[in-house]
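Listed here are the chains, written in short residue letters.
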Amino acid sequence: HKYIFDVGTHEWTQLNITGYLPPGRRSLQAVVYGSSHVIYFGGFSTENKIFYSDLFILNTENNHVSRIAPYGVGPCPRRRVGMCLIGSELIICGGVGRKEEKQEKKELMTYDDMYIINLVPSLEHLSIETVISESLPTDILPVHLQERITELQFGNL
């Protein structure tokens, strides 16, 4: 359930949220984006013992939640990340998660990585998205664009 607190009446009101309904979790991070959006990332379900790496945005004007699915290799599931917004760039860094190779032993790892997500992509990036989604040939593109497309599709090889 999602609630909003009215500071004038000192009452909680349950919200009717539409769209993506993320599973319950703790230790997630949130930042305000613009005047009517909140972006959330990651977290941990104590009940299910699951770390999350999903990214979603709440529109506070219409209470609609959308999942954000960036291209490329993003952060692995984790909780307690550092997250901030500088202009239109969302920066996610660090956090705690499981070592992938030892998931069954539940050993935790502290991450020292950083990811930057541009929330207002450039025309170049939108063009690259189209090339990827439509499986268009890349051999006639400049080398730097070919390299960027490969990086977005497969990560840094």
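See the structure shown above.
Now for a quick tour of the structure.

### Side note on the pairing of strand E8 (residues 82-86)
Where E8 and strand E9 (residues 89-93) come together, 5 bridges link them in antiparallel fashion. Looking at the pairing, Met83 lines up with Ile92 of E9. Linkage of E8 to E9, two consecutive antiparallel strands, is achieved through a turn of 2 residues, within which Gly87 is found at a positive phi near 65 degrees.

### Concerning the nonpolar core
Val31, Ile39, Phe41, Leu55, Ile57, Val81, Met83, Leu90, Ile92 and Ile117 together form the largest nonpolar core, which totals 10 residues. Every element with two or more residues in this core is listed here: strand E5 (37-45), strand E6 (50-59) and E9. By size, the runner-up hydrophobic cluster in this structure holds 6 residues, among which are Ile128, Val131, Ile149 and Leu152.

### Brief notes about the sheet that holds strand E3 (residues 18-19)
In spatial order, the strands read E3-E7-E6-E5-E4; together these 5 strands make up an open sheet with mixed pairing. Strands at the two margins of the open sheet, each flanked by one partner only, are E3 and strand E4 (29-33). For E6 and strand E7 (residues 64-68), the ladder comprises 5 bridges, and the chain directions are antiparallel. Bridged to Phe56 within E7 is Arg67.

Calculation notes
- Residues numbered from 1 in each chain as written.
- Predicted model: local features only at pLDDT ≥ 70, side-chain atom pairs only at ≥ 80, totals over all residues.
- Heavy atoms only, no water.
- Pairing = 2+ DSSP bridges.
- Helix = DSSP H or I, 4+ residues; strand = E, 2+ residues; numbered from the N terminus.
- Core = buried A, V, L, I, M, F, W, Y, C linked by side-chain atoms within 4.5 Å.
- Buried < 20%, exposed > 50% of the residue type's maximum accessible area, 1.4 Å probe, protein only.

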